[in-house]
Amino acid sequence: MKKDKLIISNKKFSSRLIVGTGKYKNMQECAKAINLSGAEIVTVAVRRVNITDKKKPLLMDYIDPKKITYLPNTAGCFNSKDALRTLRLAREIGGWKLVKLEVLGDKKNLFPEMIETLKSTEILTKEGFKVMVYCNDDPLMAKRLENSGACAIMPLAAPIGSGLGIINEINIKIIRKQTKLPLIIDAGLGQASDAAIAMELGCDGVLVNTAIAKAKKPFQMALAFKNAVIAGRQSYLSGRIKKTLYGNPSSPKSGII
Amino acid sequence: MKKKIKIKLNGKLKTINNKSTLFNIVQKNKIPLAKVAIELNQEIVDKKKIKNINLKNNDKIEIVHFIGGG
C-alpha cells in the first residue's frame, strides 16, 4: 500500500482524501480538521480581501500552502467568463496552476453547467492550467472533458452539500472503466461509508467539505473519512468475492459430529 | 489643495489623491502583497509593477485572496 499513490498531473500524493476549507466555525477548527483528515490537498475559494476589517484572519496563516497543496476553485461562478477570471487571479496570487473548475448551472440544485465547463476546460488547458473538473455523472460528458485536456474527472455523487451519497453507482463505474485519468468523487457525500463506497467503485479519491465541516463532531468525522478512504481503497485493491444468491458455509461441511 | 479622484476598491467608492499609485493603495490598506492578486479595470496587474501604475478617475480595483471554500 505504501507505493499506492494518488497521482494528479505527475504530482504524487499519499492521501486520497481531498477536503474543502469552507463552512467551518473558524479557521482553527478548519485547520485541525484538515490535519486530522490527513488530506494533502485542500480546496480554497477566491474572494475579495476585506478592506474594512483588516484584522480578519487569513487562510494562509492557518494552512501553510507550502505544506498543503491549495486547489483554488471557481465556486460561485455560473459562466465560463467568471470562472476563467477567477482562476487567472488564483494563478496570480502565487503561481497556482492546479485548479478545480466548477461552473454551476443553477442556484437551487448547484448542478454543473456542462457546456460552459467544457469550454472553460479547453481554454484553461491551453493556458497551461492543470484542470480538475467538477462535472455531472454522465460518462459521455466525462469523455469529452478528458478529450478537452482535463487532468482529473470529478463527478458529483449528489448535489453539493446534500449529503445524499452516491446516487448513480452504475455511471460512476462506467466512467471508471472508460478513463485512466484520476477519478475523484466531488460533492454530495454525507458520511464516511459513502467515501468507502466511492473507493470500492474504483475511484482514485474523494473530495469532501460539508460532511466533515457540518458534522456534529467535525474532528471525529475528519478521522472517520480518512479511515473510510483507506479502507475503501484497500478493499478495492483486494478483489472482492463474487455475489451469490444462496448461502455458502464458512466452516467445513465434513467432520460434523 | 490637492486634486482628488474617485476610484472603486473592491466595490467600495473611495476618494484618493490625484497621482496616487496602485502601490499607495496597497500600502494604505495594509494589503499583504504576497497573498493577493490584483485586477485593475478587469486586467490582471503584475504585482512587481504597481509602483509605476498611476490611478485615474473611475478606475476599478479588485484585490482578492484565498478563503475557505469547497
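These numbers were taken from a predicted model, which means no experiment stands behind them.

S.K.: Which residues make up the overall build of chain B, and what are the values?
M.R.: The number of helices and strands found in chain B is one helix and five strands. Along chain B, from the amino end to the carboxyl end, the secondary structure elements read β-β-α-β-β-β. Relative to the globule expectation of 11 Å for 70 residues, the C-alpha radius of gyration of chain B, 12 Å, shows essentially globular dimensions. The C-alpha extent of chain B, read off along each of the three principal axes, is 50 × 25 × 20 Å. In chain B, which comprises 70 residues, the proportion classed as buried is 41%. Of the contacts made within chain B by residues no fewer than 6 positions apart, 49% connect residues no fewer than 24 positions apart. About 4300 Å² of surface is accessible on chain B, with carbon and sulfur atoms providing 50% of the total.

S.K.: Talk me through the interface of chain B and chain A; I want residue IDs and the actual numbers.
M.R.: In this assembly, 29 residues from chain B lie in contact with 30 residues from chain A. Of the roughly 2600 Å² buried at the junction of chain B and chain A (both faces included), carbon and sulfur atoms supply 64%. On the chain B side of the contact with chain A, His65, Phe66 and Gly70 of chain B bury the most area, a combined 29% of that side's loss. Where chain B touches chain A, the interface holds three salt bridges. Put simply, Asp61 of chain A and Lys35 of chain B hold a salt bridge, and the shortest N to O gap is 2.9 Å. Elements supplying a minimum of two residues to the side of chain B that touches chain A: strand S2 (12–17), strand S3 (37–40) and strand S5 (60–68) of chain B. Relative to S5 of chain B, strand S4 (residues 41–48) of chain A runs antiparallel, the two sharing five bridges.

S.K.: Talk me through a positive patch on the surface; I want residue IDs and the actual numbers.
M.R.: On the surface, Lys54 and Lys55 of chain A together with Lys4, Lys28 and Lys30 of chain B cluster together into a positively charged patch. Tracing the chain through its elements places Lys30 of chain B in the loop between helix H1 (22–28) and S3.

S.K.: Account for empty space enclosed by the protein, with residues named and values stated.
M.R.: Applying the stated criterion across every chain yields a total of one cavity of 30 Å³ or more. A volume near 40 Å³ is recorded for the largest cavity. Lining the largest cavity are Leu58, Leu59 and Met60 of chain A together with Lys35, His65 and Phe66 of chain B.

S.K.: Account for helix H6 (residues 169–178) of chain A, with residues named and values stated.
M.R.: All names here are of chain A. Burial in H6 covers these residues: Asn171, Ile172, Ile175 and Arg176. Down the axis of H6, the sector holding all buried residues measures 145 degrees, keeping them to one side. Away from its buried face by more than 90 degrees, H6 exposes Ile170 and Lys177.

S.K.: Tell me what's going on with the nonpolar core, and back it up with residues and numbers.
M.R.: Membership of the largest hydrophobic core comes to 66 residues, with the highest contact counts inside it found for Tyr70, Ile153, Leu189 and Val206 of chain A together with Phe66 of chain B. The element best represented in this core is helix H3 (residues 80–94) of chain A, accounting for six residues. Beyond its immediate chain neighbours, meaning those up to four positions away, Leu189 of chain A contacts Ala157, Gly163, Gly165, Ile166, Asp194, Ala195, Val206, Val208, Ala211 and Phe225 of chain A.

Conventions and cut-offs
- Residue positions are given per chain, counted from 1 along the sequence in the order it is written.
- Throughout, the order in which chains and ligands are written sets their labels, letters from A for the former and numbers from 1 for the latter.
- In keeping with the model being predicted, local features are shown solely for residues with a pLDDT of at least 70 and side-chain atom pairs are shown and tallied solely at 80 or more, while totals for entire chains, interfaces and linings include all residues.
- The basis for every side-chain value is the complete set of heavy atoms in the structure, and neither hydrogens nor water enter the calculation.
- Helix numbering and strand numbering both begin at the N terminus, where a helix is a DSSP run of H or I of at least 4 residues and a strand a DSSP run of E of at least 2.
- C-alpha atoms define the radius of gyration, and 2.2 Å times the number of residues to the power 0.38 defines the globule rule.
- For every residue, the accessible area (1.4 Å probe, protein chains only) is compared with the maximum for its type, and the residue is labelled buried under 20%, exposed over 50%, or partly exposed between those bounds.
- Between two residues, a contact is recorded if the distance between any of their heavy atoms is within 4.5 Å.
- Here the open area of atoms and residues is found with the Shrake-Rupley method and a 1.4 Å probe, where only the protein chains shown may cover a residue.
- Here's the idea: put two parts together, see how much 1.4 Å probe accessible area each one loses, and the total over both is what we call buried area.
- Just to be clear on terms, a salt bridge is a Lys or Arg side-chain nitrogen sitting within 4 Å of an Asp or Glu carboxyl oxygen.
- For two strands to pair, DSSP has to find at least two bridges joining them.
- For patch building, the residue pool is restricted to those with more than 30% relative accessible area and no salt bridge; the joining distance is 9 Å between like charges and 5 Å between nonpolar side chains (Val, Leu, Ile, Met, Phe, Trp, Tyr).
- We count Lys and Arg on the positive side and Asp and Glu on the negative side, and we leave His and both chain ends out.
- Where a charge sits is defined by one atom per residue type, namely NZ (Lys), CZ (Arg), CG (Asp) or CD (Glu).
- Lining residues are those with an atom within 4 Å of a point, where the points come from a 1 Å grid over the protein atoms alone and group into cavities, where a 1.4 Å probe fits but cannot get out, or pockets, open sets with protein on both sides within 12 Å along at least five of seven lines.
- Grid points are joined across faces, edges and corners, and a volume is the space filled by probe spheres set on the points.
- Throughout, the arc means the angular range of directions from the helix axis out to the C-beta atoms.
- For this analysis, a nonpolar core means a set of buried residues of the types Ala, Val, Leu, Ile, Met, Phe, Trp, Tyr and Cys, connected via side-chain atoms within 4.5 Å.

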